[in-house]
Amino acid sequence: MQAYLDAVATVELTRRTGKVIALAGHSIEASGPDTTLGEICEINPGRMPARLLAEVVAVKPGRVILMPYGDLRGVGCGDEVAASGELPQMPVGDALLGRVVDAFGGPLDGKPDPKAGAYRPVHAAPLNPLTRPRIKDLLETGVRAIDGLLPMGRGQRMGIFAGSGVGKSTLLGMLARDVKADVNVIALIGERGREVREFIEKHLGDAGLARSVVVVATSDQPALVRTRAAYAATAMAEHFRDQGRQVLLMMDSVTRFAMARREIGLTAGEPPTARGYTPSVFAEIPALCERCGTTDGGGSITALYTVLVEGDDFNEPIADILRATLDGHIMLSREFAHEGHFPAIDVLQSVSRLATDLASGEEQKTMATVVELLAVYERNRQMVDMGAYRVGSNPQVDRAIQLYPAIRTVLRQSILESTPRQETMRRLRNALGAKA
C-alpha cells in the first residue's frame, strides 16, 4: 500500500502548460508554462502528429525561451507547450558496451535498443576536491611519444590541440585501441556524418569497440543535442567509474561543444565576449572537465579532450581556458604532419603536469636529456639547414645534430603499432647512446 501512497504523493495532479508566441532561428518563445531552467517540455504542434521535445534555456518574466531537440518545421504560434517535470537523463549500464548511440541513448548501429540498468542525470556536481586521491598510477597508452616523454596517470585530464587535418582522430583511435583501461567512453561532438563510421571501422576497430560506448551527435543536429552528447558521455563515464572501473573518456571535440554552447547562450540573451563566446561557455567547460578524475572507490576517469584550434592559433579563447583547466596538453604540429611524422606530436610545445610524479628518477633524466637535445636542435635548425653551422663549433649542437634522427625515429610510429612503455624507455636510452 505504501508504494501507491508514495506514487500519489509525488504525482503531478495539474498540467503546467503555455503557448508558443514566437519562433526565431532555433529558439522558441512561449508564454509559460511555469517551469524551471533545464526542464524538458513537450510541444504539441497542431499541424503535426508527433510531439517535439525542447529544453528550457532561459526563464524571463511571463515567458520562457526553449531550444528544441529536433526540427522546428511544423511548429507555429499558439501550439501548446507542456512541462514534463523531468530533467535530462541518460541510460547507463553494461548493455551499452560495444554500442553506438545518440545523445539520448538511442541506437545508431541498427541493433535493438540497449536495455539500460539505470538512468543517470546528465548534469551532475563535480567531486569534492578533498575526496580525490592523488594520481600516482601510470596509464600506458602504447604511443611512444606520450609514454616516453608525456606520461599520463589514471584520472589525469589531457587536451589534444591541433588544427584541422593534422591527425587528432587518428591519435584518438590509437589511444582507444591500445590504452590499458577497462572501458572507453567516446563522444563524437559535431563530427561530419561520414567521419563517424570511418572512425569506428578504421581507427577504433572491433576490439576497441567491444569495450567502448560511442556517443554521437553530428554537425547537422541542433546545438542542444550536441551539448547534451558531451554531458551524456560524461555521465556514462561517471557510472562506470563509480563501479570501480578505470575509464578513458575521449571527447572530439570540446571546441564544437563550446560553439554549440555559444549558440545556446546567445539564444538565451547572454552578451557575446571574446570571439563571440558567451560568459557561460567559460563556466561550462571547467565544470564539465572537473567531473573527471579519481575517487576513493578506486575508479577513475582519465579524460582526453581534443581542441580544434581555429587557423592554427593556439592562443584562441577555448584553447587558453583548456590549457589553464587541464592537467597537461599535447600539441600536434602541422609541420610534422607535412613531413610524414606521425603521430605529429610536438613534445617541445606539450607538457604533462604529472610527469615528475609518474616517472622514476632515471626516467626523468632520460626525458630531460631528450627534450634538451630536441630544443637545442630546433634553436639551431635554420642555421643547419642553410649550411651556416660548422661542425665543431659547439659540442652540444654537434650532439643534438648527431642524435636527432635516432630520437625522431623512436617518436614516430605507424597507426597499428603499439609499444610497451618499458620498451619505449629502452629505445630512448639507446637513441642517446646509453646501455639498454
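Residues numbered from 1 in each chain as written. Predicted model: local features only at pLDDT ≥ 70, side-chain atom pairs only at ≥ 80, totals over all residues. Heavy atoms only, no water.

K.L.:
Is there a simple way to think about the pairing of strand β17 (residues 300-308) in this case?
P.N.:
With nine of nine residues buried, β17 lies mostly within the body of the structure. Alternating positions in β17 separate into two faces, Ser 300, Thr 302, Leu 304, Thr 306 and Leu 308 on one and Ile 301, Ala 303, Tyr 305 and Val 307 on the other, with burial throughout. Here strand β12 (residues 157-162) runs beside β17; their pairing, made up of six bridges, is parallel. Within β17, the position partnered with Gly 159 by the bridge is Tyr 305. Sheet topology note: the strand β15 (residues 246-252)/β17 ladder contains six bridges and is parallel. Counted as the bridge partner of Met 251 is Tyr 305 from β17. Strand direction decides the pairing type here: strand β16 (residues 293-294) and β17, joined by two bridges, are antiparallel. Residue pairing across strands places Thr 294 opposite Ser 300, the latter belonging to β17. (Buried < 20%, exposed > 50% of the residue type's maximum accessible area, 1.4 Å probe, protein only. Helix = DSSP H or I, 4+ residues; strand = E, 2+ residues; numbered from the N terminus. Pairing = 2+ DSSP bridges.)

K.L.:
Before we go on, may I ask you to explain the side chain of Arg 381 in this structure?
P.N.:
Mapped onto the fold, Arg 381 is located in helix α11 (residues 361-386). Within the structure, Arg 381 has its side chain in polar contact with the side chain of Glu 339 (distance 3.1 Å). Not counting residues up to four positions away in its chain, the partners in contact with Arg 381 are Glu 335, Glu 339 and Tyr 404. (Polar contact = N/O pair within 3.5 Å; in protein donor to acceptor, adjacent residues only side chain to side chain. Contact = heavy atoms within 4.5 Å.)

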